[in-house]
Amino acid sequence: EDFFLSTERPKPAVSIQPDDQVFSGETVTLRCDIQGGGVSNWQYSWFKAGSSTAVSNEQQYSISPVTASDRGTYTCIGAVSGTSRNSHTSDAATLTVSDLPKPTLTVEPERPVFSGESVALKCEIKDYDGWTYQWYKHDKQSELTAVSQSDYHTVDGDTLTIRGDTVINGDQYLCRGERRDRPTSSEYSSSVTLTVEALPTAELTVEPKWSPVFIGESVTLKCEIKGYAGWTYQWYKHDKQSELTAVSQSEHHTVNGDTLTIRADTVINGEQYWCRGERHDRPTSSEYSSSVTLTVNERPKPAVSIQPDHQVFRGETVTLRCEIKGGGVSNWQYSWFKDGSSTPVSYKQQYSISSVTASDGGTYTCRGAVRGTSRYSHYSEAVTLTVSGKPKPTVRADPRSSVYTGDTVTLTCEVKSTGWEFLWYKDSQPLQPQSPVDKGTKTLSVTVSHAGTAEFRCAARRGAYTTQTSAPAVITVTARPKATVTIHPADPVFIGETVTLTCDIGSGHHWQYYWFKNSKPLSEAQQRNEYTISNVAASHRGVYTCKGRQSTQPRYSETSDAVTLTVSEKPKPELTSSHKGAALIGNPVVLYCELDQSAGWRFYWSKHTQSPENETKPETHSYTISSVSVSDGGQYWCRAGRGTPVYYTHYSDALWINVTGTTRSDSLTVSPSRAQHFSADSLSLSCEGQSDSTGWRVRRYTHSEKVSDCSSGLGSVTGSTCNISSLSTSHTGVYGCESESGESSNPVNITVTNGAVILDSPVHPVTEGDPLTLRCLYRDPKPSNLTAEFYKNGSLLQTQTTGEMTIRTVSKSDEGLYHCKHPEKGESPQSWISVRGSDSKTVILAVSVVLSLVLILFIILGLFWCYKKKKGDQQNTNQTPDQSQSPGSTQLQTDSGPEPGDVTYAQIDLKDKKKPKKTQDKLLEGELKRKYLNQ
């Protein structure tokens, strides 16, 4: 304080920036400046009136943002740092805080705003000048977003204009002022919420009220807008491009205030009209009305119906009905007019006349009027009602007179007019029952079931009215002929045959024939009474029927009974012999060709020495050799045939007749000596074993080819030996030796196979009592397992692990067809094994035969000598056909001879005790010939 004794105690000066009068939200800075006193290290304190507590210790005290609570007087004082010395307290400075000015926001036009109107918002702040304005609206998140100049908003000073199509009901807008001087901004204005209402809608009505409009009627449209006055109305319609075009006063349209009248000939179906209002005050226009579519129909024309018919008969009840369809009207009132009169005879839709008379005949029309209006339909077409006397029907029958039993006769009852129910009578009795269908039509179908005559009549009834009864139609009924089918040749037939089916109908004439197989039409056989099938096949099997059709009534026969055509595989006859075992020279042998199926067969016989074209044709199923000779030995076949051209069966299996005695039976030597051979193997056939082999050669015989020798392609010839270097299945056949003089050995059968297994069996017959070993042989590579099965006539005999089977003592019962079978390699072909008697039995038999023949010969010669002596030189020269036949020739005997046996192959062994010379053989044959000629 001593310091201030020589110097004045300084007094702070307070300054306020920006001013001592500020606005809420501004930043205020109070500054304390102390001048003089020679002190620089002042520490400042600020005090607000009413408080002893410093509000700040800074030289500059800033308040941001200032609020109304900061109003008041402020002082400051300085203190020298580190001392207790203070300055004077400054003069009080008063801080005035005022509120920011708040804009006023107004809306033009006044609310509500109508759809399509633009809105102008005006922002105004009083007491200050130089304001510019900012505009805001609430977005969808209720946050303020600035609105500036755009396509939708126009800012012009204190005005914001919102384009009409952008004005949205419920949008909220605000404004705020800004300027360069203080205050630099204002408060936000209060928000303005836009209220947008729809424009009033015009209501369009049509006069007259009914719809549709008939062609020729005018239409008046009326436009009305409720809730506002002072409207004028505009009219619109769609043009061809579906765009709205204005409709104004013209020769076709009359505008009168709120109505538009469309001239009658301008009303077009489907046209659409609208209206809209306009006025000087708000709202200045309305919405468009809903469209009105004009429905224009043809003026309806009634249709008149008459029941029961236009042609009626005195006493009937007649009902005329007026029917109006279309026009979209249901409340019609009807009027009836007769013969062009303008006075109605009835106002009902149905006009009924009970017990009609001739005076009711005439022309009738009707017309409809829409109730409560002056609208009418067209007149109907005139209908004529004809009233006649009581009618009499006529019966027409189809066919007219003659029919077969089972035919259907169609009867027609002809009567004038329609709507009748028909009553039918047969032989004056009502036909019962009659279905509603029969009664409702004028035709009736009757199936006649009994032969004779029938009379049919009819009458007609309509309601309670009945006509007279017709004259009769007389129908003659004849029993229907029935077709008969026959099959030739008789059933069954065989694949490849020619079959003829014949359809025969006893009565009638000019028939066309219709064939059916398994109930389906057989097109290739139609209209012919004979159906011939050449080369019949399994597909032709079936059930056949036929029927006939005539060109005139009655037309159809009765269908034949069904016949079944059975088509079997080509048959194969069985060739058997009457002879079992050995036969002596001169004994007869009968061969039988057995065929079970059907009849009509002729039989054909072949021997291995014959070509097929030289078949013997005895026609019957038996073939007789009246006296066996050596030349009859060999292989025989038979087959059957029938029809023209001839249909042949298969050849029978060969039957072997082995004749021995005058020639050696085993003269053909086969090497390897077995009946079966593998293809590609070699084979040697030799006639060298003959006592005189010169002139002997190997021959081959088949029933389907001519006799051939080795040089014709079988193999190579060396002397009397035929060598085949490589066998094929075509070498299978019957082989034997033949001399230049015609003598032959017994033939043998050779089989060649492509298979893997053959049976090693003997070529020549086996002698009774000898052993026989059969082996199963295999083509390379041979199997390791030799087990084989052996069969006779298809039945299993033995199974041998060694692959061979032995019969220790052969007997006649061992004859048969043998083959063997290996489980892996397969089975062999079959071979026939023949058994001949032992030499001792043959010698005894031969001696007995010779002695018997000699004894018989002497007796015959003695009797013949006595007869010649008694009769002198007279001789009986009468002979039968059999007596002129040479020895050994074939002879047909159909009524006598032994019955066929039950074996397939026959062996006739003819042996003499000694080998006779050829001259002795001929002498014996000559004696036998004379013996049988004289029996």
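Since the model is a prediction, treat every value here as computed from it, not as a measurement. (Residues numbered from 1 in each chain as written. Predicted model: local features only at pLDDT ≥ 70, side-chain atom pairs only at ≥ 80, totals over all residues. Heavy atoms only, no water.)

**Details of the overall build of the protein**
The criterion, for reference: Secondary structure elements follow DSSP: runs of H or I no shorter than four residues count as helices, runs of E no shorter than two count as strands, and numbering proceeds from the N terminus. Residue burial is assigned from relative accessible area. The probe radius is 1.4 Å, only protein chains are included, and a residue is buried under 20% of its type maximum, exposed over 50%, and partly exposed in between. Every residue pair with non-hydrogen atoms within 4.5 Å of one another is taken to be in contact. For accessible areas, the Shrake-Rupley method is used with a probe of radius 1.4 Å. Any residue's cover is judged against the shown protein chains and nothing else.
Helices and strands together make up the secondary structure of the protein, namely three helices and 79 strands. Relative to its 935 residues, the protein shows a buried fraction of 42%. If you take every contact in the protein between residues at least 6 apart in sequence, the share linking residues at least 24 apart comes to 64%. About 49,400 Å² of surface is accessible on the protein, with carbon and sulfur atoms providing 47% of the total.

**A few points about the state of the cysteines**
Stated formally: Whenever a pair of cysteine sulfur atoms sits within 2.5 Å, that pair is classed as a disulfide.
Considering all chains together, one arrives at 10 disulfides under this definition. With its sulfur 1.9 Å from that of its partner, Cys32 forms a disulfide with Cys76. Linking Cys32 and Cys76, the disulfide has an S-S dihedral of approximately 75° and is accordingly described as right-handed. In this pair, Cys32 sits in strand β3 (residues 28–33) while Cys76 sits in strand β6 (residues 72–80), placing the two residues 44 residues apart along the sequence. Each member of the pair Cys32 and Cys76 is classed as buried.

**Considering the sheet that holds β3**
Applied cut-off: Strand pairing is assigned whenever DSSP detects at least two bridges linking the two strands. A fitted line through C-alpha atoms represents every axis, and for helices the fit uses only the stretch in contact; the resulting angles, taken between N-to-C directions, go from 0 to 180 degrees.
An order of β1-β3-β5 is seen for the three strands of this open sheet, with the pairing classed as antiparallel. Either end of the sheet is taken by a strand with one partner, and the two such strands are β1 (13–17) and β5 (60–63). The sheet shows a mean angle of 15° between the axes of neighbouring strands, taken without regard to direction. Both β1 and β3 contribute to a ladder of five bridges, which runs antiparallel. Each bridged residue has a counterpart across the sheet, and for Ile16 the counterpart in β3 is Leu30.

**Quick notes on the pattern of salt bridges**
Convention followed: Definition used for salt bridges: Asp or Glu carboxyl oxygen within 4 Å of a side-chain nitrogen of Lys or Arg.
Under the counting rule described, the total for this entry stands at 29 salt bridges. Residue Asp780 pairs with Lys782 through a salt bridge whose shortest N-O separation is 2.5 Å. For the pair shown, Asp780 and Lys782 are each scored as exposed. Here the residues in one salt-bridge network are Arg396, Glu414 and Lys442, joined through shared partners.

**What about the sheet that holds strand β51 (residues 542–550)?**
Strand order across the open sheet formed by four strands is β49-β48-β51-β52, with antiparallel pairing between neighbours. Two strands lie at the open edges of the sheet, namely β49 (520–521) and β52 (563–565), each paired on one side alone. Alignment of strand β48 (residues 511–517) against β51, held across seven bridges, turns out to be antiparallel. Looking at β51, one finds that Tyr514 is bridged to Lys547.

**Focus on the pairing of strand β13 (residues 153–156)**
Bridging between β13 and strand β14 (residues 159–162) involves four bridges; their strand directions are antiparallel. The partner of Thr154 across the bridge, within β14, is Thr161. The turn joining β13 and β14, which pair antiparallel and follow one another in sequence, is formed by two residues; a positive phi near 65° is taken by Gly157.

**Things to note about the nonpolar core**
To be explicit about the condition: We call a set of buried Ala, Val, Leu, Ile, Met, Phe, Trp, Tyr and Cys residues a nonpolar core when their side-chain atoms join them within 4.5 Å.
In terms of nonpolar packing, the biggest core is built from 23 residues, with Val409, Leu411, Trp420, Phe422, Trp424, Phe456 and Ile475 touching the most fellow members. Ignoring sequence-local partners within four residues, the contact set of Leu411 consists of Arg396, Ala397, Trp424, Lys442, Thr443, Leu444, Val446 and Phe456. In this structure, Cys503, Ala525, Leu565 and Val567 belong to the second largest nonpolar core, which totals 22 residues.

**Topic: the packing of aromatic side chains**
The test is simple: Under the pairing criterion, centres of Phe, Tyr and Trp rings, with the six-membered ring standing for Trp, must be within 6.5 Å; the plane angle then separates stacked pairs below 30 degrees from edge-to-face pairs above 60, leaving the rest tilted.
Scanning the entire structure with this criterion turns up 18 aromatic pairs. Summarising the aromatic geometry, the rings of Phe114 and Tyr228 are spaced 6.1 Å apart at their centres and angled 80° between planes, so their arrangement reads as edge-to-face. Linking Phe114 in strand β9 (residues 113–114) with Tyr228 in the loop between β21 (219–224) and β22 (232–238), this pair joins segments that are 114 residues apart in sequence. Judged by its relative accessible area of 32%, Tyr228 is partly exposed. On the numbers, 6.1 Å between centres and 5° between planes, the contact of Phe313 with Tyr465 is stacked. Highlighted residues: Phe313 in strand β30 (residues 311–313) and Tyr465 in strand β43 (residues 465–466), separated in sequence by 152 residues. The exposure classification of Phe313 matches that of Tyr465, with both residues buried. Through a chain of ring-to-ring contacts, the aromatic side chains of Phe23, Tyr128 and Trp131 assemble into a single cluster.

**Here we look at the confidence of the model for the protein**
Do not read the fine detail of predicted coordinates wherever pLDDT is low. Let me state the cut-off plainly: Scored from 0 to 100, pLDDT reflects the predictor's confidence in each residue.
Mean pLDDT for the protein: 82, with 85% of residues reaching 70 or above. For the protein, per-element mean pLDDT is lowest for helix α3 (residues 918–933), which scores 34, and highest for strand β70 (residues 757–760), which scores 96. In this model residues 842–847 is a low-confidence stretch, pLDDT under 50, and it forms nine contacts with partners more than four residues away in sequence or in other chains. Across residues 871–935 the pLDDT falls below 50, and counting only partners more than four positions away or on other chains, this stretch makes 115 contacts in the model.

**Observations concerning unusual backbone geometry**
Here the residue pair Glu108 and Pro109 is connected by a cis peptide bond, since its omega of 5° sits within 30 degrees of zero. With respect to the secondary-structure elements, Pro109 resides in the loop between β8 (104–108) and β9. Each neighbour pair has its own omega, and for Asp780 with Pro781 the value is 0°, a cis peptide bond. Topologically, Pro781 is positioned in the loop between β72 (772–778) and β73 (788–792). Positive phi values are uncommon outside glycine, yet Ser242 reaches one of about 60°. Tracing the chain through its elements places Ser242 in the loop between β22 and β23 (244–247). Overall, the relative accessible area of 55% leaves Ser242 in the exposed class.

**Comments concerning the pairing of strand β15 (residues 172–178)**
Of all seven residues in β15, five are buried; the element is thus mostly enclosed. Across two bridges, the pairing between β15 and strand β17 (residues 192–193) is antiparallel. The partner of Tyr173 across the bridge, within β17, is Val192. Two strands pair when backbone bridges link them, and β15 and strand β16 (residues 185–188) are joined in this way by two bridges, in the antiparallel orientation. The residue bridging Arg176 from the neighbouring strand is Tyr188, located in β16. Between the end of β15 and the start of β16, which pair antiparallel, lie six residues.

**Re a nonpolar patch on the surface**
We apply this condition: A residue counts toward a patch only above 30% relative accessible area and without a salt bridge, and it is joined to like-charged neighbours within 9 Å or, for Val, Leu, Ile, Met, Phe, Trp and Tyr, to nonpolar neighbours within 5 Å.
Judged by side-chain polarity, Leu855, Ile859 and Leu863 come together as a nonpolar surface patch covering roughly 320 Å² of accessible area. With respect to the helices, strands and loops of the structure, Ile859 is situated in helix α2 (residues 839–871).

**Here we look at the environment of Tyr531**
Put simply, the rule is: Polar contacts, as counted here, are pairs of nitrogen or oxygen atoms within 3.5 Å of one another; within protein the pair requires one atom able to donate a hydrogen and one able to accept it, and residues that are adjacent in sequence qualify only if both atoms are side-chain atoms.
With respect to the element layout, Tyr531 can be found in strand β50 (residues 530–533). With 31 residues separating them along the chain, Tyr531 and Thr500 place their C-alpha atoms 5.6 Å apart. Residues in contact with Tyr531, not counting those within four places in the same chain, are Val499, Thr500, Leu501, Trp515, Leu522, Glu524, Ala525, His540 and Tyr544. Looking at Tyr531, its side chain comes within polar contact range of the side chain of Glu524, at 3.5 Å.

**A closer look at the environment of Ser834**
Tracing the chain through its elements places Ser834 in the loop between β78 (831–833) and β79 (835–836). Taking the C-alpha atoms as reference points, Ser834 and Glu768, separated by 66 residues in sequence, lie 9.8 Å from one another. Within the structure, Ser834 has its side chain in polar contact with the side chain of Trp832 (distance 3.0 Å).

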